[in-house]
Every structure is written in C-alpha cells, then in structure tokens.
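Survey of secondary and tertiary structure
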Amino acid sequence: MSSPFSINGGACVAMVGKDCVAIACDLRLGLQSLTVSNNFPKIFSYGDVYLGLTGLATDVSTVSDLFRYKVNMYRLREERNISPSTMANLVSSSLYEKRFGPYFVSPVVAGIDQKTGKPFICGFDSIGCIDFAKDFIVSGTASDQLFGTCEGLWEPDLAPEDLFETISQALLNAVDRDALSGWGAHVYIIEKDKVTKRLLKGRQD
Amino acid sequence: MEVLLGITGKDFTLVAASKAAMRGATILKASDDKTRALNKHTLMAFSGEAGDTIQFAEYIQANAQLYSMRNNIDLSPSAVAHFVRGELASSLRSRKPYNVNLLLGGVDPITDKPSLYWLDYLASLAPLPYAAHGYAQYYCLSILDKHHHPDIDYEQGLKILRMCTDELKRRLPIDFKGMLVKVITKDGIKEVEYDDEARIACP
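Residues numbered from 1 in each chain as written. Chains lettered and ligands numbered in written order. Predicted model: local features only at pLDDT ≥ 70, side-chain atom pairs only at ≥ 80, totals over all residues. Heavy atoms only, no water.

Quick look at the overall build of chain B
Test applied: Labels follow the DSSP assignment, with helices taken as runs of H or I lasting at least four residues and strands as runs of E lasting at least two, numbered in each case from the N terminus. Throughout, the radius of gyration refers to the C-alpha atoms, and the reference size of a globule is 2.2 Å times the residue count to the power 0.38. Residue burial is assigned from relative accessible area. The probe radius is 1.4 Å, only protein chains are included, and a residue is buried under 20% of its type maximum, exposed over 50%, and partly exposed in between. In what follows, a contact means two residues having at least one pair of non-hydrogen atoms within 4.5 Å. Here the open area of atoms and residues is found with the Shrake-Rupley method and a 1.4 Å probe, where only the protein chains shown may cover a residue.
Check the secondary structure of chain B and you find 4 helices and 12 strands. Compactness check: chain B gives a C-alpha radius of gyration of 16 Å against a globular reference of 17 Å for 203 residues, within 12% of the reference. The buried share of chain B, reckoned over its 203 residues, is 50%. Partitioning the intrachain contacts of chain B with sequence separation of at least 6 by distance along the chain shows that 63% fall at a separation of at least 24. Summed over all atoms, the accessible surface of chain B reaches about 10,000 Å², with 51% contributed by carbon and sulfur.

In structure tokens, the structure reads:
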C-alpha cells in the first residue's frame, strides 16, 4: 500500500477512434485514503500532443515541467511542433535516463500526426518501455478496472461524439470501483484540426 | 502534533500555525512562530523535522527577497509556490532531503486574488481554497468542507478558523499551546489578535 505509485492515486486512459483520439484523467490528489485536492488534472498539452501522467504527484509535476522544457526547446530548434511518435520516443529515452532511480509515473501519450492525419496512442512503464496499442491505453491505480470497462465498451472506428461517450463511461465507471481515484474528470477529444476539452463532474464521494 | 491551517476568502488568506515548539514529548517553547514572510504579500508556514524546517524556510525567504531586490518586483504567490516546489523536489532526490511540509498563503499583487498552496515533503503541490497539514487534516478538513465558501469575508473566515481550533483543542491529545494567526490582504501581512485562553471541554 506504500508503493509510490499508489500514495496519491489517480487514473488515466486514452482511446483511438475514427480519425480521432481521446484521452481522459480523473482529478483526485490524495494521501493514502485522505483526499487533499479534487482539482489535480493529470493531462498536459504540448502543442499537438497530449501527455497523461499518473503515479506519484510530485513526479507528475516534475515530469510534466521537464517535458514542457524539452518540447519548448524542440520547437525552437526544429521550428515546428513535435509529432506524437517523436514525443513517445522522447518520453521513453527521458525515463530510461533515470533507469536506476526512476520517476514513479506511468505516462500515456495521445495525439494525431499532423502530417499523416493518423491517430496515435501509446503508454509507458516508469522506466520508458513503450506499449504501442491500436485500441486503448490505461494507467493509474484504477488500471485494472479500466482494462475491464475499456474491453467491454470500446469498439473500432468510433466517431468523435461516440468516442467521448465511450471513454467517459469507461473512466467514470472504473474510478467508481477505485477508492484512490475519481472526484471528477477531464476528457479531451482530439481531431485533426479541433480539440474539445470537457470537464465531467463525476461522483463526489 | 504540529498544526498548520490555511483558509482563503473573498479578499484575504488566513494562515495559522500552532505555537508549541516540541522536541519529543517536551514542549520547549509556547510562543513559536512557524511562519516566514517571503515578500510583501506571501507568507509561508512550515512544519516537519526540527532543523530542516527553519533552514529550508529561511533559504526560500532569502531567495525570494533576493529576487525582489534584483528585479524591483515581487514574485507572485503562484511563482513562489512553483519555485519552492522545484527546490523541494530536487532536495527529495538528494542524499539528505528536507523533511518539511508547507502552506503558502498569498494575495496576488496585480489581480488582488487570494491564493493558498499546499506542499508536502514529497513536493506534491496543490492549490486549494483551504488546507491543513498533519493530524489537523483529519479534524479540520471536514469542518472546512461543510462551512467554507470561496466568497466569505474576513469575519466569517475567522469564525470558521475558530471552529477548527476549538475542535483541535477538543480532540488532540497534546496541548499545542494555541495558534499564531496571520492574515494576508492586498495591503500586506498582519498578525491577528487571537484568543486561545478559552478552555474547550471534551464531551
């Protein structure tokens, strides 16, 4: 119970649809069973790419700040936004740099490649092993429950509105079965030239 | 058994800290000030391991003041909070990390918006409307959940703080020697007259 990954709690999920991707997270920050904040988002945007970070809250902040710096430097050098697949490799190599003293986070990357228009999602373990997936990626203390809900609800080629409903129900119903996650959610629906961010209230208990 | 409390309101932030300086089971002092002013409108309250707390707080205070002198403008409460988090986070992965929990209360000098930041020794940062550290969390957060609103005025804020400190006196097994209360408004930081003589009887 005192694993660094489950001190603060939190959940994150990403899904692929037809010419769109979705990424969602809960909002809880806790200390074991005590909830400290119900407004702690775990998704961060870096141009066209979205990064979800669950795990130890201090490392969620540290890693999100680190990638803000790295992606800004990339943008200045290359004079273009970073693509999702490049971001995935940047995350992987940055995490592996700390192989023997890792950041206690389980990142999720989601985005659409602006050149090809192809949806891209992937997940990582805390030392940077990439998990490419064609359907969905889950992470956080509710990952077991998320595997269940996603396996049950997801289907191929969902339109943006249907994908929103699917990912929202998957997340909301998963975190309701996890004591360390929940207290509201953020959902991003990413299309080629449109991003919709929605705030879900969720159960407040 | 150190108590830190913070409450924001319409145009102010209240920060309260227990006055007992403890070492094991002994109370060494009953008029301890566990707060440091970082600049004109940001106050930091701290608890944790004896040497670390003041060492870290005064290091942060010196750097915040150095910034103000160099740039002729104060860091905003949000900027200070993120600076402190960075320092604490890099300390966390050093040979001997600082064991310090913090509350940062402030009022933004430009927008006049009050703010409160909760930071623990792991450098988890959370901006909150009201916050506590240590055992006080278990007693006070539920009271604050029930009675706090974002637009309360100063008198209502003090009234809610009184409910919290009364509950702590009633339930904590050790006397924490009352609270030192400070308020931050757009005009700066002021100490508040706070009566802790009244005995609260346990039912």
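Structure's up, so let's keep going.
Considering the sheet that holds strand β7 (residues 100–107) of chain B
Residues and elements named next belong to chain B. So the rule is basically this: For two strands to pair, DSSP has to find at least two bridges joining them. Lines fitted to C-alpha atoms define the axes here, with helix axes fitted over just the stretch in contact, and angles between the N-to-C directions of these axes take values from 0 to 180 degrees.
Taken in spatial order, the 5 strands of this open sheet run β5-β6-β7-β8-β9, and their pairing is antiparallel. Either end of the sheet is taken by a strand with one partner, and the two such strands are β5 (35–39) and β9 (125–127). Sheet twist, expressed as the mean angle between neighbouring strand axes with direction ignored, is 20°. Relative to β7, strand β6 (residues 42–48) runs antiparallel, the two sharing 7 bridges. Bridge assignment links A45 to a residue of β7, and that residue is L103. Each of β5, β6 and β7 touches helix α1 (residues 50–71); the most contacted strand, β5, lies at about 15° to it.

Quick look at the side chain of A:S64
Residue and element names in this part refer to chain A. With respect to the secondary-structure elements, S64 resides in helix α1 (residues 57–78). Residue classification places S64 among the buried positions, given a relative accessible area of 6%. Each residue touching S64, except ones within four places of it in the same chain, is listed here: F44, Y46, L53 and D59.

Here's the deal with the environment of B:A64
All names here are of chain B. Take A64: it is sitting in helix α1. Under the relative-accessibility criterion, A64 is labelled buried at 2%. Expressed as a C-alpha distance, the spacing of A64 and A79, which sit 15 residues apart in the sequence, is 10.0 Å.

Considerations on the nonpolar core
Spelled out, the test is: Joining through side-chain atoms within 4.5 Å is the link that ties buried Ala, Val, Leu, Ile, Met, Phe, Trp, Tyr and Cys residues into a set, and such a set is a nonpolar core.
Counting residues in each nonpolar core, the largest one holds 64 residues, and the members touching the most others are A:M87, A:V109 and B:L5. Ranked by the residues each element gives to this core, the list is headed by α1(A), at 6 residues. Setting aside chain neighbours within four positions, we find A:M87 in contact with A:Y46, A:V49, A:L51, A:F67, A:V71, A:I82 and A:V109. Residues A:A11, A:C20, A:F164 and A:A185 belong to the second largest nonpolar core, which totals 23 residues.

Considerations on the sheet that holds strand β5 (residues 43–46) of chain A
Residue and element names in this part refer to chain A. The 5 strands lie next to each other as β5-β6-β7-β8-β9, forming an open sheet whose pairing is antiparallel. Of all strands in the sheet, those with a lone pairing partner are β5 and β9 (130–132), marking the two edges. Each strand of the sheet is rotated relative to its neighbour by a mean of 25°, with strand direction disregarded. In the sheet, strand β6 (residues 49–55) pairs with strand β7 (residues 105–112) via 7 bridges, with the strands oriented antiparallel.

What to know about the pairing of strand β1 (residues 11–16) of chain A
Residues and elements named next belong to chain A. With 6 of 6 residues buried, β1 is to be regarded as a mostly interior element. On β1, burial covers both faces: A11, V13 and M15 on one face and C12, A14 and V16 on the other are all buried. Bridge count for β1 against strand β10 (residues 136–140) is 5 bridges, and the pairing is antiparallel. Residue pairing in the sheet places A14 in a bridge with I137 of β10. Count of turn residues in the β1/strand β2 (residues 20–26) antiparallel hairpin: 3 residues, of which D19 carries a positive phi of about 55°.

A word on the packing of α1(B) against helix α2 (residues 77–92) of chain B
Residue and element names in this part refer to chain B. To keep it simple, the criterion reads: Between 65 and 115 degrees an angle is taken as roughly perpendicular, under 35 as roughly parallel, over 145 as roughly antiparallel, and anywhere else as oblique. Helix crossings get a hand from a simple test, with the near helix turned counterclockwise from the far one by less than a right angle marking a left-handed crossing and a clockwise turn marking a right-handed one. Note that Gly is not counted as nonpolar here; it falls among the polar residues with everything else outside the nonpolar set of Ala, Val, Leu, Ile, Met, Phe, Trp, Tyr, Cys and Pro and the charged set of Asp, Glu, Lys and Arg.
Two elements in contact, α1 and α2, have axes separated by 11 Å at closest approach and are oriented at 135°. As far as their axial angle goes, α2 and α1 are oblique. At the point where α1 passes α2, the crossing takes the right-handed sense. In this structure, α1 contributes F56, Y59, I60 and N63 to the contact, and α2 contributes F83, V84, E87 and L88. Split by residue class, the contact of α1 with α2 holds 6 nonpolar, 1 polar and 1 charged.

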